[in-house]
Amino acid sequence: MGKKKIRLTREGALIIGSTGVIADLHLGIEGTLEERGVAIPSMQLDELVERSVALVEEFNLEELVIAGDLKHEFSRNVPGEWRDVRRYVESLKDVVRLRVVRGNHDNYLAAILADYSVEFADAVEVEGYAVVHGHRDWESDRIIMGHEHPSIKVRHSGAVYSFRCFLHARNKDREVWVLPAFSTFFPGSNVLEGEFLSPILRGFRSEEIDVYAIEDDVYYMGNLKVLSDLL
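Residues numbered from 1 in each chain as written. Predicted model: local features only at pLDDT ≥ 70, side-chain atom pairs only at ≥ 80, totals over all residues. Heavy atoms only, no water.

Undergrad: Can you tell me about the overall build of the protein, naming the residues and giving the values?
TA: Broken down by element type, the protein carries 5 helices and 15 strands. Seen through its principal axes, the protein has C-alpha atoms that stretch 50 × 50 × 30 Å. Buried residues in the protein amount to 55% of all 231 residues. The contacts in the protein between residues at least 6 apart in sequence include a share of 68% that link residues at least 24 apart. As displayed, the protein has an accessible area near 11,200 Å², and 48% of this comes from carbon and sulfur atoms. Averaging the locations of the 27 positively and 39 negatively charged side chains of the protein gives two centres separated by 2 Å. (Helix = DSSP H or I, 4+ residues; strand = E, 2+ residues; numbered from the N terminus. Buried < 20%, exposed > 50% of the residue type's maximum accessible area, 1.4 Å probe, protein only. Contact = heavy atoms within 4.5 Å. Areas by Shrake-Rupley, 256 points an atom, 1.4 Å probe, with all protein chains shown as cover. Lys, Arg positive; Asp, Glu negative; His and termini not counted. Charge placed at Lys NZ, Arg CZ, Asp CG, Glu CD.)

Undergrad: Residue-level account of the environment of W82, with values.
TA: Structurally, the position occupied by W82 is in helix α3 (residues 79-92). Relative accessible area serves as the criterion here: at 34%, W82 is assigned to the partly exposed category. Separated by 103 residues in sequence, W82 and F185 have C-alpha atoms that sit 19 Å apart. When sequence neighbours within four positions are dropped, the list of residues in contact with W82 reads N77, A111 and I112.

Undergrad: Please provide a residue-by-residue account of the packing of helix α2 (residues 45-59) against α3, values included.
TA: Two elements in contact, α2 and α3, have axes separated by 10 Å at closest approach and are oriented at 25°. By the criterion of interaxial angle, the relationship of α2 to α3 is roughly parallel. For α2 against α3, the interelement crossing comes out right-handed. Residues L45, D46, L48, V49, S52, V53 and V56 of α2 touch α3, and the partners they reach there are D84, R87, Y88, S91 and L92. (Axes fitted to C-alpha atoms, helices over the stretch in contact; angles between N-to-C directions. Parallel < 35°, antiparallel > 145°, perpendicular 65-115°, else oblique. Left-handed = near helix turned anticlockwise from the far one by under 90°.)

Undergrad: Account for unusual backbone geometry, naming residues and giving values.
TA: Unusually for a residue other than glycine, H26 sits at a positive phi of about 50°. Mapped onto the secondary structure, H26 falls in the loop between β3 (19-22) and α1 (29-35). Phi is positive for N60, close to 50°, though the residue is something other than glycine. Here N60 shows up in the loop between α2 and β4 (63-66). Among the residues examined, N60 registers a relative accessible area of 63% and is labelled exposed.

Undergrad: Now, about the packing of aromatic side chains: what can you tell me, with residues and values included?
TA: Here the structure, examined in full by the defined rule, presents 2 aromatic pairs. Here W177 and Y212 contribute two aromatic rings whose centre-to-centre distance is 6.0 Å and whose plane-to-plane angle is 40°, an arrangement assigned as tilted. With W177 in strand β12 (residues 175-178) and Y212 in strand β14 (residues 209-214), this pair connects stretches of sequence that are 35 residues apart. Centre to centre, the rings of Y212 and Y220 are 5.1 Å apart; their planes meet at 50°, and the pair counts as tilted. Pairwise contacts between aromatic rings join W177, Y212 and Y220 into one cluster. Cation over ring: R51 sits above F182, and NZ or CZ is 4.0 Å from the ring centre. Positioned above the aromatic ring of F120, the side-chain terminus of R102 is 4.3 Å from the ring centre. (Phe/Tyr/Trp six-rings, centres within 6.5 Å; stacked < 30°, edge-to-face > 60°. Lys NZ or Arg CZ within 6 Å of the ring centre and 35° of its normal.)

Undergrad: Explain α3 to me, using residue names and the numbers behind them.
TA: Between the first and last C-alpha of α3 there are 20 Å, a value that for 14 residues agrees with the 20 Å anticipated at 1.5 Å per step. Every buried residue belonging to α3 is among G80, E81, D84, V85, Y88, V89 and L92, and all of these are buried. In an axial view of α3, the angular spread of the buried residues amounts to 140°, which keeps them on one side of the axis. (Expected span 1.5 Å × (residues − 1). Arc of directions from axis to C-beta.)

Undergrad: Help me get a handle on the sheet that holds strand β2 (residues 14-16), residues and values and all.
TA: In a beta sheet, neighbouring strands are held together by backbone hydrogen bonds and run either parallel or antiparallel to one another. Here we have 6 strands laid out as an open sheet, ordered β1-β2-β3-β4-β5-β6, and mixed in their pairing. Two strands in the sheet have a free side with no partner beyond their single neighbour: β1 (6-8) and β6 (119-121). Averaged over all adjacent pairs, the angle separating strand axes in this sheet is 20°, with direction ignored. Inspection of the sheet shows β4 paired to strand β5 (residues 97-101) by 4 bridges, in the parallel sense. Each residue of the ladder has a partner; that of E63, found in β5, is R97. (Pairing = 2+ DSSP bridges.)

Undergrad: I'd like a rundown of the environment of F163, residues and numbers included.
TA: With respect to the helices, strands and loops of the structure, F163 is situated in strand β11 (residues 159-170). On the basis of relative accessible area, F163 is assigned to the partly exposed category, the value being 24%. The sequence separation of F163 and D94 amounts to 69 residues, and the corresponding C-alpha distance is 33 Å. Excluding residues within four positions of it along the chain, F163 makes contact with S151, I152, V154, A213, I214 and E215.

Quick look at the structure:
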């Protein structure tokens, strides 16, 4: 049996078979910011629920995998995270099967998920791919991950335009798909500058990484080396 086709969506989801994979929702970030003196209302929960439900309905998904960082605060569960994670899970649990991968922000997430029948693990398998968060290396030759919040930034006529993007890294040893952040609070880190955070990506040369930018649709932009040389 051949590999199932992968589809990339303008919402920042990867679809394979009847499964959708999204990453980096960072629910409850507003509460963390408020504790640090930045008072903002809860802004992203309703939108993230709406986008997630729409994704399930549009692609007739049977399961939705969160590839890490469902919540935001590292050190504990702040009140806003209890509220937002519970509301998110309760809004989705009767619509689609939820599976959650542990990210580096999800240290205490198990306590919030304890009341729900939601799988919570360091990795889950989807159609032959290991879905991980990406903050640690993983012994698999086919990986789907988040963590990087990739974007590309383009300067034109004195303005800077930022586009969230997917990355597809391939060499003789590994194939890796990297998802953009699903959260509206994270426009992304420019992949044209600096090094990758994830040890999973450090074994790839720039010419082995293809970039797919998100605007009104998803567009293939070429490999990272060509883009870096041009832009």
